Amino acid sequence: RPWCLGEVTTAFLNKIRVLRVTLPDFTPLDDAAIIAVGQNFSPSDIRLLAEHGMSMAMVQEALTWLRTVSNIDMPSLVSNESILALTDELVLKGMIT
């Protein structure tokens, strides 16, 4: 989804502090996947990113950066309790107030 990549790239370019929230089946992108990220994009997807000043090289750099970001692991079954625990963790890490 190009808009999701646009959000990650915007955060990277603007040095926004982020924290990944991952589910148990999450697998980080490897170098090959990052290099190939735009191969399934349509011309309109690429144009959407370009209209916001983003090149595929910027997107790839942002995805490489995202691998280095700290994360919080979520359980496979998301419940009210796990959402409250996530919120507490985000507050503790200063991500939200």
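In this convention, every chain numbers its residues from 1, walking through the sequence in written order. At least 70 in pLDDT is required for a residue's local features to be given in this predicted model, at least 80 for side-chain atom pairs to be given and counted, and no such filter applies to totals for whole chains, interfaces and linings, which use all residues. With hydrogens and water excluded, all non-hydrogen atoms of the structure serve as input to the side-chain values.

## With respect to helix H1 (residues 2–13)
Point 1. Helix numbers and strand numbers start at the N terminus; a helix is a DSSP run of H or I with at least 4 residues, a strand a run of E with at least 2. The length a helix should cover is 1.5 Å for every residue beyond the first. Along its 12 residues, H1 runs 16 Å from first to last C-alpha, staying within 8% of the 16 Å computed at 1.5 Å per residue.
Point 2. Exposed residues in this analysis have more than 50% of their type's maximum accessible area, buried residues have under 20%, and partly exposed residues fall in between, with area computed by a 1.4 Å probe over protein chains only. Buried within H1 are the following residues: Pro2, Leu5, Gly6, Thr9, Ala11 and Phe12.
Point 3. Just beyond H1, the residue with positive phi is lysine 15, at close to 55 degrees.

## A look at the packing of aromatic side chains
Point 1. A pair of aromatic rings is counted whenever rings of Phe, Tyr or Trp (Trp by its six-membered ring) have centres within 6.5 Å, and the orientation is called stacked for planes under 30 degrees apart, edge-to-face for over 60 and tilted otherwise. In this structure the tally under the stated criterion is one aromatic pair.
Point 2. Measuring from ring centre to ring centre gives 5.4 Å for phenylalanine 12 and tryptophan 65, while their planes differ by 45 degrees; the resulting arrangement is tilted. With phenylalanine 12 in helix H1 and tryptophan 65 in helix H4 (residues 56–66), the pair connects residues that are 53 residues apart, well separated along the chain.

## Comments concerning the layout of surface pockets
Point 1. Quantified by volume, the largest pocket comes out at close to 170 Å³.
Point 2. Here the term cavity refers to a set of points on a 1 Å grid, laid over the protein atoms alone, in which a 1.4 Å probe fits but cannot get out; the term pocket refers to an open set having protein on both sides within 12 Å along at least five of seven lines, with lining residues being those that place an atom within 4 Å of a point. In this structure, the largest pocket is lined by Cys4, Leu5, Val8, Arg20, Phe26, Pro28, Leu29, Leu63, Leu66 and Arg67.
Point 3. Secondary-structure elements contributing two or more residues to the lining of the largest pocket are H1 and H4.
Point 4. Among the elements that line the lining of the largest pocket, the one with the most residues is H1, at three residues. Grid points are joined across faces, edges and corners, and a volume is the space filled by probe spheres set on the points.

## Regarding the packing of H1 against helix H3 (residues 43–51)
Point 1. Every axis corresponds to a line fitted to the C-alpha atoms, with the helix fit spanning only the stretch in contact, and the corresponding angles, defined between N-to-C directions, vary from 0 to 180 degrees. Two elements in contact, H1 and H3, have axes separated by 10 Å at closest approach and are oriented at 25 degrees. One element, H1, and the other, H3, form an angle in the roughly parallel class. Of the two possible hands of crossing, H1 and H3 adopt the one that is right-handed. Facing Pro2, Trp3 and Gly6 of H1, the residues of H3 in contact are Asp45, Leu48 and Leu49. If an angle is under 35 degrees, it is roughly parallel; if it is over 145, roughly antiparallel; if it lies from 65 to 115, roughly perpendicular; otherwise it is oblique. Here a crossing is taken to be left-handed if its near helix is turned anticlockwise relative to the far helix by less than a right angle, and right-handed if that turn runs clockwise. In what follows, a contact means two residues having at least one pair of non-hydrogen atoms within 4.5 Å.

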